[in-house]
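Chain residues, written in single-letter form:
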Amino acid sequence: MVTPASAAPADPSAAADATQEGATFQVDAAQIEAAEQQAAAAPAQAGRPGPTPGHGNRAMASLRTAETDENFYFVMADRFANGDPTNDRGGIDSDDPSVTGFDPTRKGYYNGGDLQGLRDRLDYIEGLGTTAIWLTPSFKNKPVQGTGSNESAGYHGYWITDFTQIDPHLGTNDDLAALIQDAHARGIKVYFDIITNHTADVIKYQNPNFDPSKPVNDTNRELLDGGAYVSKDSRPYTDAQGRTFDDRDVAGTDAFPELDATTSFPYTPVNPAGETDVKVPAWLNDVTRYHNRGDTSFVGENSQYGDFFGLDDLFTEDPVVVNGMIDIYGTWIRDFGVDGFRIDTVKHVDDQFWQAFSPAALKIAHDAGKKDFFMFGEVYDTTRPFTSHYTTAGQLQAVLDFPFQDAARSFASKNGSAADLQTFFADDDWYTDADSNAYQLPTFLGNHDMGHIGYFIQSDNPDAGDATWLAKDRLAHQLMYLVRGNPVVYFGDEQGFTGTGGDQLARQTLFASRVAEYLDDDLIGTDRTHAVDNYETTHPLYRSIADLAALTKKYPALRNGAQQNRYAAEGPGIYAFSRMDRTEQREFVVAVNNSTTAQTATLPTYATRAGFSLVYGAANGVPDTAKTDRAGKLTVSVPSMSTVVYRADGTIPAARWAPNVKLMSAAPAADTKGRMEVTARVGGTGFAEVTFQARIAGGQWQTIGTDDNAPYRVFHDVSALDPGTKVQYRAAVLVSANNGKGLCRSTGVLSAKVPAPGITIDSPTEGGAVHTDGPITISAVTDPEKASNVVTFERSVAGGAWTAFHTDDSSPAYVATDDLAAAGFTDLPNDTPVRYRATVSTPSGASSSAEIGLTVKDRVTTATVHYYRPDQQYLDWGLHLWGGAVDPATLAGITWDTSPLQRTGVDADGWATYAIPLVDDLQRVNFILHRPNGDQVPATREPGGDRSFVPVQSAEIWLVAGDPTVHISKPAVG
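Residues numbered from 1 in each chain as written. Predicted model: local features only at pLDDT ≥ 70, side-chain atom pairs only at ≥ 80, totals over all residues. Heavy atoms only, no water.

**Looking at the overall build of the chain**
Spelled out, the test is: Strands here are runs of E lasting at least two residues and helices are runs of H or I lasting at least four, both read from the DSSP assignment and numbered beginning at the N terminus. In this treatment the radius of gyration is a C-alpha quantity, and the globule benchmark scales as 2.2 Å times the residue count to the 0.38 power. Burial here depends on accessible area, computed with a 1.4 Å probe over protein chains only, as a share of the maximum for the residue type. Under 20% is buried, over 50% is exposed, and the range in between is partly exposed. By the convention used here, residues are in contact when the closest approach between their heavy atoms is within 4.5 Å. Computed with the Shrake-Rupley method and a 1.4 Å probe, the accessible areas treat only the protein chains shown as cover for residues. We score Asp and Glu as negative and Lys and Arg as positive, and we do not count His or the chain ends. In this description, the location of a charge corresponds to atom NZ of lysine, CZ of arginine, CG of aspartate or CD of glutamate.
Helices and strands together make up the secondary structure of the chain, namely 18 helices and 49 strands. A compact globule built from 974 residues should have a C-alpha radius of gyration of about 30 Å, and the chain, at 29 Å, falls within 12% of that. The proportion of buried residues among the 974 residues of the chain is 59%. Taking contacts inside the chain between residues at least 6 apart in sequence as the whole, the part at least 24 apart equals 70%. Per element, the accessible surface of the chain, about 35700 Å² overall, is 49% carbon and sulfur. Once the 76 positive and 125 negative side-chain charges of the chain are each reduced to a mean point, those two points are 8 Å apart.

Structure follows, in structure tokens:
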């Protein structure tokens with residue numbers, strides 16, 4: 001962000017800027033390197049995006065840190081190797097899995113792996129070319145949670161009770177220290193998976209309707225396991241004195257008030273007997289340090305305030321929680337030498353927390369001598385404007401590249417368009433700022449939540465056979481290793497693991513398994529099964545990954561060199577790009593082909609009449625050499641589902657002068673009002689780097705990012721500035737000269753104004769319905785989100801005047817409840833139009849609005865799903881349901897493993913019928929159609945993923961076996 005004018009002196013060079021467009025000057029390589037190191041070393045802080053070079057060295061090299069060349073191995077310790085069977089039960093003196101959590105025959109329990117097993121198998125991990133081990137959370141967990149068919153164990157590490165101790169099922173703190181020491185001796189770093197959002201499920205809510213004179217049962221009991229989410233608008237927080245406050249107004253500050261467990265929350269939280277002091281450190285046992293608003297549905301406000309499946313959601317706006325988490329994880333850095341963190345559930349925590357936590361953790365690491373300490377967050381989303389928010393405004397160094405996973409699967413597994421992949425990488429500019437960029441992102445193909453890449457490949461190509469599955473698996477890894485970012489191998493992918501889904505179905509052991517669901521898996525590239533150990537260093541995928549790691553180690557440009565799009569086929573075919581290290585100035589051309597046939601492409605390079613030599617892909621029988629023509633074009637041929645890499649025989653020609661550079665535009669980004677898209681055009685076709693700077697009137701110029709590939713642009717974060725603020729931009733281009741110096745040319749200044757915030761009504765949706773016999777909730781979000789935003793809600797009935805009915809200033813979501821009958825609209829006929837408008841206003845007076853149109857409809861109390869199977873074998877096929885539309889009593893009887901909602905009958909036409917009782921027909925019914933515990937499409941689960949419908953819009957839907965479509969009218973069937 002740009003420092004306010006009052007916080008920085010004027011730059012004495014600013015007066016010359018308007019006349020400096022086109023000026024050429026030289027910068028010594030040492031100056032460039034020093035500025036780059038300064039940017040990399042300085043932790044991100046609010047208002048200080050990076051160094052502020054003077055006029056003479058505004059041109060900088062694109063940022064590279066030590067965290068752009070890691071090869072991660074992501075491993076769940078419980079599922080990797082059992083090096084010490086004496087800790088299998090976690091030191092608990094019992095043989096009951098419901099007590100110890102240990103049962104090697106069940107996928108949802110501890111299976112026996114531990115830290116000693118990792119130590120014993122470091123040769124295997126190192127042989128893959130691994131430079132960093134990423135461990136799933138390894139702190140002490142609640143051994144078992146849940147009841148009945150929902151009971152499972154904390155083998156995965158996400159139900160922490162003691163943040164200071166390694167889980168006894170995995171070993172001891174000394175075992176961790178020994179693992180880190182052994183790994184470091186091999187040059188391998190160790191990363192911790194950490195959690196700041198929640199703890200284990202301990203807190204219960206007092207039941208206000210409990211009657212001690214009546215028998216205790218599921219409905220009449222003193223303590224409740226959870227409850228429906230209660231919004232901040234309907235029940236604001238109050239301090240210990242009973243005064244209402246919005247936590248976002250005081251988040252992370254000394255003004256955050258003391259709270260009272262009995263009065264401050266919509267529920268009354270208590271620690272049950274026997275668990276009053278189970279959490280460590282002790283401050284975690286204070287129930288006022290949690291949000292206590294009920295269960296999340298993962299949307300809107302409750303996404304940041306609700307409990308994940310009952311897990312106790314920490315009040316991360318509370319400075320006691322902020323400082324407590326900094327202290328917890330700072331200790332692991334100082335005392336154990338942990339090299340970095342993967343941070344869980346980042347998007348479910350407020351920005352203010354990350355703006356405090358990230359710089360503090362980095363400072364602790366740097367003070368401890370860990371200058372390369374690296375943190376990346378899990379932001380489970382595939383849209384770049386959203387994920388990049390956490391590396392800019394959120395001040396994290398990087399986020400897991402979920403968008404890449406989606407793009408890579410589409411290309412390698414689904415035979416997607418190469419042009420789509422090229423477009424994907426062009427949008428890397430969303431991550432470019434002063435202290436980070438896309439080169440730092442950890443990339444991956446599958447994980448412990450989504451599933452193995454092998455599962456995706458088999459699901460996308462069910463009848464292709466092992467040879468095709470193996471080729472696609474290799475292609476996916478080739479893409480991941482040769483594009484920008486830090487590749488992450490999910491343990492088991494190197495052995496062709498597949499599974500039949502995500503979560504527990506994607507957590508197979510590398511040691512011989514006794515879990516029945518795992519033993520049926522069809523592994524890729526081998527005839528082996530999970531009934532035996534799978535540490536085969538001769539497996540074709542293990543060898544392929546090791547070869548790719550060796551290739552990128554030999555040629556570092558393939559890991560952190562600039563990536564420039566070169567060619568992309570429309571549809572399946574070749575995607576080609578260049579990688580080039582700015583110091584060596586030698587170009588590599590990489591071409592990946594996802595087509596089922598060999599393909600040839602002619603593409604531009606940086607040099608004319610230049611020779612290239614093949615360095616990867618020789619086994620494919622492609623030419624060993626190639627040469628560009630006088631226009632710098634190179635022709636490459638790539639066999640089907642394969643990759644080739646060519647290396648230039650010489651360096652690219654040195655520049656004799658700096659190319660022309662011009663700022664083309666500076667305007668609010670189309671996808672978010674909190675970012676300004678700033679673009680520049682550079683003359684010529686050579687390798688160049690463009691540094692962008694910004695300031696507000698009278699302020700100091702600050703670097704906001706350097707882009708090293710065309711088209712040149714940054715998405716400047718202006719979310720902290722007031723609407724209407726004038727921001728000035730300038731840029732400079734840097735190219736390499738033959739005297740070891742950089743040639744630079746600068747632009748003039750371009751100005752833009754920060755826009756008013758945007759607003760979106762996210763619920764209900766356009767074209768939805770409203771009833772006259774009860775309330776409707778309207779929810780809106782603003783962009784950018786600020787605690788100072790105020791939203792006013794209005795309605796218009798049947799084209800009448802707009803009438804304001806509510807104002808909300810409680811971020812991050814703005815909610816209003818309207819009741820047409822209470823407002824006097826009692827006799828509206830069906831299909832009467834009703835419009836709602838939400839207007840956001842800022843303290844500076846800027847505003848913007850959004851509208852939606854609804855129609856009056858009668859209430860629906862039961863939704864009906866019709867399901868047709870040509871074989872008429874409905875057996876135990878049923879509906880897994882969730883969401884606020886369905887009657888909670890119905891949801892309470894549904895479990896994934898044993899009890900999906902069963903049909904009520906089969907009609908005369910052979911359609912099975914399922915009746916779903918409703919409590920709110922305006923909300924979505926979310927569903928998966930499957931057999932008990934079934935997750936294999938199409939044998940035990942229907943395609944289409946998580947599907948949904950809104951009952952008031954369509955009270956009946958029709959589903960056909962093998963068809964992901966949700967039909968709103970009865971389709972013809974054979």
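**Concerning the sheet that holds strand β41 (residues 833-841)**
Spelled out, the test is: Pairing between strands is defined by DSSP: at least two bridges between the two strands are required.
Ordered by their spatial adjacency, five strands build an open sheet running β36-β42-β41-β38-β39, and the pairing between neighbours is mixed. Looking at strand neighbours, the two that pair on one side only are β36 (769-770) and β39 (803-808), the edges of this open sheet.

**A word on the side chain of asparagine 461**
Inspection of the secondary structure puts asparagine 461 in the loop between α13 (453-460) and α14 (466-482). Owing to a relative accessible area of 12%, asparagine 461 belongs among the buried residues under this scheme. Excluding anything up to four places from it in sequence, asparagine 461 contacts Ser413, Asn415, Trp469 and Lys472.

**With respect to the sheet that holds strand β44 (residues 878-882)**
Formally: To get an axis, a line is fitted to the C-alpha atoms, and for a helix only the part in contact is used. The angle between two axes follows their N-to-C directions and goes from 0 to 180 degrees.
Strand order in the open sheet formed by three strands is β44-β47-β48, with antiparallel pairing between adjacent strands. Among the strands making up the open sheet, the edge pair consists of β44 and β48 (947-949). Between one strand and the next, the sheet's axes are offset by a mean angle of 35°, whatever the strand orientation. Bridging between β44 and strand β47 (residues 925-930) involves five bridges; their strand directions are antiparallel. Within β47, the position partnered with leucine 881 by the bridge is phenylalanine 927.

**A closer look at the packing of aromatic side chains**
Condition: Pairs were defined over the aromatic rings of Phe, Tyr and Trp, the Trp ring being its six-membered one, requiring ring centres within 6.5 Å. Orientation was assigned from the angle between planes: stacked under 30 degrees, edge-to-face over 60, tilted for the rest. By definition, being over a ring means that NZ of Lys or CZ of Arg is both within 6 Å of the ring centre and within 35 degrees of the ring normal.
Applying the stated criterion to the full structure yields 52 aromatic pairs. Pairing phenylalanine 341 with phenylalanine 373 gives two aromatic rings, centres 5.1 Å apart and planes at 90°, and the pair type is edge-to-face. One end of the pair, phenylalanine 341, is in strand β14 (residues 340-343); the other, phenylalanine 373, is in the loop between α8 (351-367) and β15 (374-377), and 32 residues separate them in sequence. Looking at phenylalanine 373, the relative accessible area reads 1%, which means it is buried. In textbook terms, an aromatic cluster arises when at least three aromatic residues are bridged by ring pairs, as seen for Phe139, Phe163, Phe192, Tyr329, Trp332, Phe336, Phe341, Phe353, Trp354, Phe357 and Phe373. Its end group placed over the ring of tyrosine 439, arginine 64 keeps NZ or CZ at 3.4 Å from the ring centre.

**Topic: the domain arrangement of the chain**
We count it as follows: Segmentation of the chain into domains, including their bounds, is taken from an automatic or database domain assignment. Buried area counts how much accessible surface, traced with a 1.4 Å probe, disappears from two parts once they are put together, with both parts' losses summed. When a carboxyl oxygen of Asp or Glu is within 4 Å of a side-chain nitrogen of Lys or Arg, the pair counts as a salt bridge. Amino acids are sorted into nonpolar (Ala, Val, Leu, Ile, Met, Phe, Trp, Tyr, Cys and Pro), charged (Asp, Glu, Lys and Arg) and polar (every other residue, Gly among them).
When the domains of the chain are assigned, the result is domain 1 (555-648), domain 2 (660-748), domain 3 (758-856) and domain 4 (862-967). A straight line from the C-alpha centre of domain 3 to that of domain 4 covers 32 Å. Each partner contributes to the interface: domain 3 provides seven residues, whereas domain 4 provides four residues. Carbon and sulfur atoms make up 59% of the area that domain 3 and domain 4 hide from each other, which totals about 410 Å². Per-residue buried area on domain 3 facing domain 4 is highest for Thr765, Ala769 and His771; these three make up 70% of the total on that side. For the interface between domain 3 and domain 4, the tally reads zero salt bridges. Looking at side-chain class alone, the side of domain 3 that touches domain 4 contains three nonpolar, four polar and no charged residues.

**Structural notes on the packing of α13 against α14**
Stated formally: Any angle from 65 to 115 degrees is called roughly perpendicular, while one under 35 is roughly parallel, one over 145 is roughly antiparallel, and all others are oblique. The hand of a helix crossing depends on one turn: near helix anticlockwise from the far one by less than a right angle means left-handed, and clockwise means right-handed.
Following both chains from N to C, one finds α13 and α14 inclined at 130°, their axes separated by 10 Å at the closest point. In terms of their interaxial angle, α13 and α14 are classed as oblique. Between α13 and α14 lies a crossing whose hand is right-handed. Packed against α13, whose contacting residues are Ile453, Gly454, Ile457 and Gln458, the element α14 presents Trp469, Lys472, Asp473, Ala476 and His477 at the interface. The class makeup of the residues in the contact of α13 with α14 is four nonpolar, three polar and two charged.

**Some remarks on the environment of histidine 539**
Position of histidine 539 among the secondary structure elements: in the loop between α15 (516-519) and α16 (540-554). Separated by 333 residues in the primary sequence, histidine 539 and glutamine 206 place their C-alpha atoms 55 Å from one another. For histidine 539, the residues in contact, after removing those within four places along its chain, are Glu494, Gln495, Gly496, Ile524, Gly525 and Thr526.

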